[in-house]
Amino acid sequence: MVGNAVLLASSHLSTASSPIRSNTISTISTGEAYVLHLASLDGNYAVMSSGLSPSTSTGTNENTTCPIYLYSKRTLQRKYTLPGHEISSTFMRVVDSMAGLGRPVLVSSGKDGSVKVWDERSGGCGIKMTDLGKSRAFLSFDVSLDGYTLAAGTELQGEDASVLYWDPRQPTTPLRTHSSTHSDDITAVHFSPSRPGVLLSASSDGLISLSNSDELDEDEAVINVGNWGCSVSQAGWLSNGSRIWCASDMETFSTWSEELDLIQSHDIRAPCLHSGARTWVTDYLITASPSSSSIAGDLDIFVGSNEGDVALLSNSSLMFSQPSAEWSLHKLWSTGHEGIVRSLLWDAQDQVLVTGGEDGKICVWPGLSPGGLGGGSGVLLEDDPMHVDSSHNTKRARTRDMDWGAENRKNDKRSRR
């Protein structure tokens with residue numbers, strides 16, 4: 001673990017002190033509705049929440065579903081509702097290529113034993129991957145670059161946690177099942193962007209694995225294994241497939257070679273900034289993604305505070321064996337959420353950042369600009385017709401002291417899924 005971390009303000013550092021527009025999702029639910037996942041689909045944002053609605057088949061609460069909502073990018077008003085999954089929806093993303101459909105499609109997984117490809121035009125499910133009716137809870141999935149293989153990781157059931165593979169054209173029966181790769185919940189699966197057929201998987205068992213997705217013999221499928229020794233909650237590739245990043249439930253962050261040799265491991269909460277009136281203290285990692293600008297290096301690392309603020313960090317040495325304790329703070333987005341930010345989406349088409357939180361809010365922020373993610377902050381005007389906030393329609397844009405209560409940080413931790 002690299003210690004003595006130092007966080008420095010980038011020369012491009014700027015702050016967005018309020019979102020361009022925001023809205024609060026409304027669900028028929030007995031409890032709070034968190035925004036768990038976000039995706040961009042044509043002119044809409046797809047929103048997966050933790051809220052429950054009565055089953056469309058019974059109209060009662062006996063069989064509840066977790067719907068997926070589509071909100072207009074232009075107004076943030078809800079346009080469509082998709083049925084989602086019974087019990088719980090777990091993951092969602094837009095796939096550019098799926099079984100020759102020829103257009104981007106929304107795909108989701110759930111604890112009801114299915115992975116679904118949605119047709120938002122009809123409001124229903126176009127393709128439904130299942131395991132011959134078995135009651136498996138799918139936590140993660142990905143689709144191969146050619147769109148003809150879908151892999152999904154399951155929750156631990158009994159003594160088995162499995163990766164299942166389908167050809168979406170034959171969705172009712174998996175092509176094969178690999179059950180010897182992991183021994184606990186499989187929290188992430190991602191196909192390599194540069195090595196066809198190679199699947200990255202990560203698990204609560206602390207293992208990160210690379211497998212041959214085309215191998216019929218599951219005992220011969222594993223190519224490389226790395227043991228981080230802690231529960232892995234997120235993982236992903238660099239754009240060129242040369243490196244891998246992982247995040248844990250303990251707010252640690254690591255980078256790995258393509259042979260799964262550990263390169264670096266960090267406590268993501270260690271880098272702190274105390275410079276004059278400007279203070280930033282990280283409470284948790286939101287996510288990481290291949291960098292959208294040359295300023296932030298190879299990875300954009302998005303972190304949050306318990307008060308609901310978001311920051312973009314980078315460390316130029318993360319992919320090298322010689323670590324640097326020096327981190328850079330590139331941008332701050334503040335005063336949009338109240339509480340933990342659960343999901344984050346960089347909308348490259350519209351050049352905005354979209355966030356969702358435990359407060360049930362979706363916020364659209366200024367993102368990339370001529371200065372990269374570190375440049376350009378937005379100004380929210382009260383009479384801006386593009387601003388929607390159904391819970392605070394008359395609330396004025398707030399400002400916040402740049403010291404986000406660093407001396408009074410909450411000690412509460414996020415409850416992770």
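Residues numbered from 1 in each chain as written. Predicted model: local features only at pLDDT ≥ 70, side-chain atom pairs only at ≥ 80, totals over all residues. Heavy atoms only, no water.

Counting residues in hydrophobic clusters, the biggest one holds 21 residues, and the most contacted among them are Phe253, Trp280, Ile301, Val303 and Leu329. Counting residues per element, the ones that place at least two in this core are β1 (6–16), β21 (243–248), β26 (284–290), β27 (299–304), β28 (310–314) and β29 (326–333). In this view, Leu329 contacts Leu7, Leu8, Ala9, Ser10, Leu13, Leu273, Trp280, Ala311, Leu312 and Leu313; residues no more than four positions away in its chain are not counted. Val105, Met129, Leu150 and Leu164 belong to the second-largest nonpolar core, a separate cluster that totals 16 residues. (Core = buried A, V, L, I, M, F, W, Y, C linked by side-chain atoms within 4.5 Å. Buried < 20%, exposed > 50% of the residue type's maximum accessible area, 1.4 Å probe, protein only. Helix = DSSP H or I, 4+ residues; strand = E, 2+ residues; numbered from the N terminus. Contact = heavy atoms within 4.5 Å.)

Per the UniProt entry, the sites bearing "repeat: WD" (unreviewed entry) are residues 106–119 and 334–365 in this numbering. Counted over residues 334–365, helix gives 0% and strand 56%. Its end C-alpha atoms are 10 Å apart. (UniProt positions renumbered as here; feature names shortened; annotations may be inferred.)

This paragraph deals with the packing of aromatic side chains. Under the criterion given, the structure shown has four aromatic pairs. Ring centres of Phe302 and Trp333 lie 6.2 Å apart, and the angle between their planes is 45°; this geometry places the pair in the tilted category. Here Phe302, found in strand β27, pairs with Trp333, found in strand β29; they are 31 residues apart in sequence, far enough to count as distant. Accessibility assignment for this pair places Phe302 and Trp333 in one class, buried. (Phe/Tyr/Trp six-rings, centres within 6.5 Å; stacked < 30°, edge-to-face > 60°.)

Position of Cys66 among the secondary structure elements: in strand β6 (residues 64–72). Take Cys66: its relative accessible area is 3%, and that puts it in the buried class.

In regular strands, side chains alternate between the two faces of the sheet. For strand β4 (residues 44–49), the buried fraction is high: six of the six residues fall into the buried class. Side chains Asn44, Ala46 and Met48 of β4 all project onto a buried face; the interleaved residues Tyr45, Val47 and Ser49 project onto the opposite face, where all are buried too. Sheet analysis places strand β3 (residues 35–41) next to β4, joined by six bridges and oriented antiparallel. Paired with Ser40 across the bridge in β4 is Tyr45. Taking the residues between adjacent antiparallel strands as the criterion, β3 and β4 are bridged by two residues, where Asp42 takes a positive phi near 55°. (Pairing = 2+ DSSP bridges.)

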